[in-house]
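Each chain is listed here by its residues.
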Amino acid sequence: MPMSFAQKVLARASGAAAVAPGQIVDAYPDLVMSHTATWRCIRQFDRVGVDRVWDPERLAFVLDHTALARTAVEANNQSLVRAFAAKHGIRTFYDINEGIAHIVLMERGHVLPGQLVIGTDSHSTIYGALGALGTGVGFSEITAVWVTGKLWMKVPDSARLTLTGRLAPGVYAKDLMLKLVGDLGANGCTYYSLEFDGPLAAAMSISERMTVANLAMEMGVKNAVVRPDEKTAAYLRERGVEAFAPVWADADAAYAWTRTIDASTLSPMVACPHEVENVHPIEEVAGTKVQQVFVGSCANAKLDDLVEVAAVLRGRRVHPSVRLVVTPASKQVLLDAMRGDVLSALVEAGAVITNPGCGACAGDGGALGDGEVCLSTANRNFLGRMGSPRSSIYLGSPALAAATAITGALTDPREFVSERSAVNDQSSASRELTANG
Amino acid sequence: MDEQLRGRLIKFGDNVNTDVIIHARYLITIDPDELAKHVFEVLGEEYPARLKAHQFIVAGENFGCGSAREQAASAIRGAGIQAVIAKSFARVFFRNAINEGLPVLECRELPDRVQDGDALTVNLAAGTITHAGQTYAVPALPDSVRAILDAGGLLPFLRRQLADGGVPARDDPRVPRRLGAV
C-alpha cells in the first residue's frame, strides 16, 4: 500500500508492515521528551508503583519553561527531576543552563529523520524540521510511556503543502506560516499530518524549517514535517550523526488535500489579539503602539533570528517607551551570538538579554501590565498569556520585532531591511549584514 | 462511572484555548481542586464559581486548542464538570481529557441548539445526549480509548494493565527496535 510519511513512521514504530489512516496502533516512540513538566511525570510515576523506567535511553529531560527557579516549590520540583535522572540513568538530561528543549535536542543530534518523538509540549511538532514525526502529549501519557514504552495512536490523514517561489526581502518563514494559519484557521488542519515539500521548502535552512513545523501546530496538526534532504544530512553530520535513513511519503500516497503555495507575493504578517488565526498584513495594523517587544521562543529565537534583529538594531536605539526582551533559544545560540557583534549590537541598542529558555512566552518573566501591548516572535497570543487579562499580544517575525522596537509601534520591517540576510545552520560567527535605513 | 449524567450546561464558543482554561502560572500544581479555583478565570473572577455551578460544558469547534497542558482537563474535572460536549476537540486536549477520566463527546448539532443553563441528560454507555426532548447520538470511542475512560483515566488503566500481566521488555521480539543514533 502506498503510504504517507506518517503512515510509514507509525508502521515502523508499531512493528507493522503497513498501516492505514484511521487505524489505531500501539506505537513505541524513539524519543520521549519532557521539559519542566518532568516533575509532574515523576509524581505520576510514583503513583503507578513501578521501580524502573522501561528504557532510559529513550527519555530526554530538559528544564526550559522555568529555568531559574523562582520559588522554593520550583526549586524542589527541579531537585526531584535531577534525583530521578540520576537514579534511573537518564543520560539525556539538560539542566537550566541549556535552553529550550526542542532546540537543544535537535542541536545536540538527538532527533533523527523517521523517528517517532513525543513531548510534554504541543510544539513538539517542531521535530518535523529534521524529518521526524513529533507530537505533543500530556504528562500522564509520558509517564505511561516511561512504564510501558508505548501509547495508542490513531494513524492520521495527511495533507501536503508544496511551497514555491521566493520570500522577498523583509519577508520570512514566520510570515508564510502566519498567513497559512490565518487562511486555514486554528481548526484548519486538526488531526492531520501536514507534509511540506517543494522548491521553497528545499531552499529553507533547518532553522526556517523549525519555524515552519513549529507554527503548524497553531492549525491543530497532529504533526508537521518538512521533506528531509541534503541540508538535513549536513545538519546531522555536523552534530556527529552519520547513520540514519530519511523517510518520505510514497509518490502515490493518499492525501486529504494537497495545495501549492507561491510565497513570492507574500508580505509581512501579524497575528492580532487574541488568537493566532487573527492574521492581518502589517499595513492594516502599522502604528499600533507597543510597550514591550519579545524576541524569543522555539518559533523564532535561533541564531539567524537574532542576526536579523541585530541587523536592524545595529547603531540604533530601542524606543524609550519600549522594553525589548531578547531570550536566545539555547546556550549554543547565545554562544554564537557572542562571537560576532550580534549580542553587543542588541545590548547597546537597549535590549534586555535573558538566559536561554522559554522565558516570557510561557509566563516566565517579562509580564505585561493592564492595557499593555507586546509584539512577540513566539507562536501564541492567547488572552492573558503573558500577564494581565487586559493586555494584548501581536505575533510577527524577528525583523518586524526589531523594527517595532525602534519606532515604538508595529512597523513594517521592509522600512529597515532591503536584503535577505544570508542564513545558514552552521554554528559559526555571525555574518556581516547590510541594512537599509 | 454513572450511566446517566444529569445537570445544567455552561456554553462556550469556538476555539476555547488552554491558556483561557488554565493559565500557565497555575501549572505549579496538578491538584484538580486547586486548579478548579482558577479555571477560566481570565474571562472573569466569577468563572470558577460558574463552572462549579454547572455539570456540563457545551462548546463549538476545536475545544481545548493550544498547549499540551494536562491541567486544562483536570481543572475542568476539578470544577465538577461531568462531561464536555463540543462540535470538535483539539487532539491533545481530547487525549488529556480521556487520561484524566473526563468524558469528551463529539456532537455537531447540539451546541447550536442550547443556551446557558439548559438541562441535559448524558448516557455514556449508550452514547446519547438528551436535550429538550431531543436525543443526539455521539460517535463511539475506539475500544482502546474507551477502556482508559472506563478505568477512570490513564493511571488506573495502567495499574490494571500491570496487574494483569506486565509489559513486554524492550528486547522482546514483539517490540520494535528503537530508531536511534548509531
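## Let's talk about the overall build of chain B
Point 1. Along the backbone of chain B there are 7 helices and 7 strands.
Point 2. Listing every helix and strand of chain B by position from the N terminus yields β-α-α-α-β-α-β-α-β-β-β-β-α-α.
Point 3. In terms of overall dimensions, chain B is globule-like: its C-alpha atoms have a radius of gyration of 18 Å, near the 16 Å expected for 182 residues.
Point 4. Principal-axis analysis of the C-alpha atoms gives chain B an extent of 55 × 40 × 25 Å.
Point 5. Out of the 182 residues in chain B, the part that is buried amounts to 49%.
Point 6. Long-range pairs, those at least 24 residues apart, make up 68% of the contacts in chain B with a sequence separation of at least 6.

## Section: the confidence of the model for chain A
Point 1. When pLDDT is averaged across chain A, the result is 94; 96% of the residues are at 70 or more.
Point 2. pLDDT under 50 marks residues 426-437 of chain A. Its contacts with residues more than four places away, or in other chains, come to 26 contacts.

## What about the sheet that holds strand β7 (residues 134-137) of chain B?
Residues and elements named next belong to chain B.
Point 1. The 7 strands are arranged β4-β3-β2-β1-β5-β6-β7 in an open sheet whose pairing can be described as mixed. Strands with a single pairing partner mark the edges of an open sheet, and in this sheet they are β4 (104-106) and β7. With strand direction ignored, the average angle separating the axes of adjacent strands in the sheet is 30°.
Point 2. Across 3 bridges, strand β5 (residues 119-123) lies against strand β6 (residues 128-131) in antiparallel orientation.

## Quick look at the packing of helix α2 (residues 38-48) of chain A against helix α5 (residues 139-148) of chain A
All names here are of chain A.
Point 1. Put simply, α2 and α5 touch, their axes get as near as 8 Å, and they point 55° apart. Between α2 and α5, the angle is such that the two are oblique. Note on packing geometry: the crossing formed by α2 with α5 is right-handed. Across the interface between the two elements, Arg 40, Cys 41, Gln 44, Phe 45 and Val 48 from α2 touch Phe 139, Ser 140, Ile 142, Thr 143, Trp 146 and Val 147 from α5.
Point 2. When its residues are assigned to classes, the contact of α2 with α5 shows 7 nonpolar, 3 polar and 1 charged.

## Re the sheet that holds strand β3 (residues 59-62) of chain A
Residue and element names in this part refer to chain A.
Point 1. Pairing is parallel across the open sheet formed by 5 strands, whose spatial order is β4-β3-β2-β5-β6. Each edge of the open sheet carries a strand with a single partner, namely β4 (92-94) and β6 (133-136). Averaged over neighbouring strand pairs, the angle between their axes works out to 15° when direction is ignored.
Point 2. One ladder, built from 3 bridges, connects β3 with β4; its direction is parallel. If you follow Phe 61 over to β4, its bridge partner there is Phe 93.

## With respect to the environment of Phe244(A)
All names here are of chain A.
Point 1. With respect to the secondary-structure elements, Phe 244 resides in the loop between α9 (230-238) and β11 (257-262).
Point 2. We classify Phe 244 as buried; it has 22 C-beta atoms within 10 Å.
Point 3. For the pair Phe 244 and Leu 112, spaced 132 residues apart in sequence, the C-alpha separation works out to 6.9 Å.
Point 4. If sequence neighbours within four positions are ignored, Phe 244 has contacts with Leu 112, Pro 113 and Leu 236.

Rules and cut-offs
- Residues numbered from 1 in each chain as written.
- Chains lettered and ligands numbered in written order.
- Predicted model: local features only at pLDDT ≥ 70, side-chain atom pairs only at ≥ 80, totals over all residues.
- Helix = DSSP H or I, 4+ residues; strand = E, 2+ residues; numbered from the N terminus.
- Rg over C-alpha atoms; globule rule 2.2 N^0.38 Å.
- Buried ≥ 20, exposed ≤ 12 C-beta atoms within 10 Å, placed from the backbone.
- Contact = placed C-beta atoms within 7 Å.
- pLDDT = per-residue confidence, 0-100.
- Pairing = 2+ DSSP bridges.
- Axes fitted to C-alpha atoms, helices over the stretch in contact; angles between N-to-C directions.
- Parallel < 35°, antiparallel > 145°, perpendicular 65-115°, else oblique.
- Left-handed = near helix turned anticlockwise from the far one by under 90°.
- Nonpolar A, V, L, I, M, F, W, Y, C, P; charged D, E, K, R; others polar.

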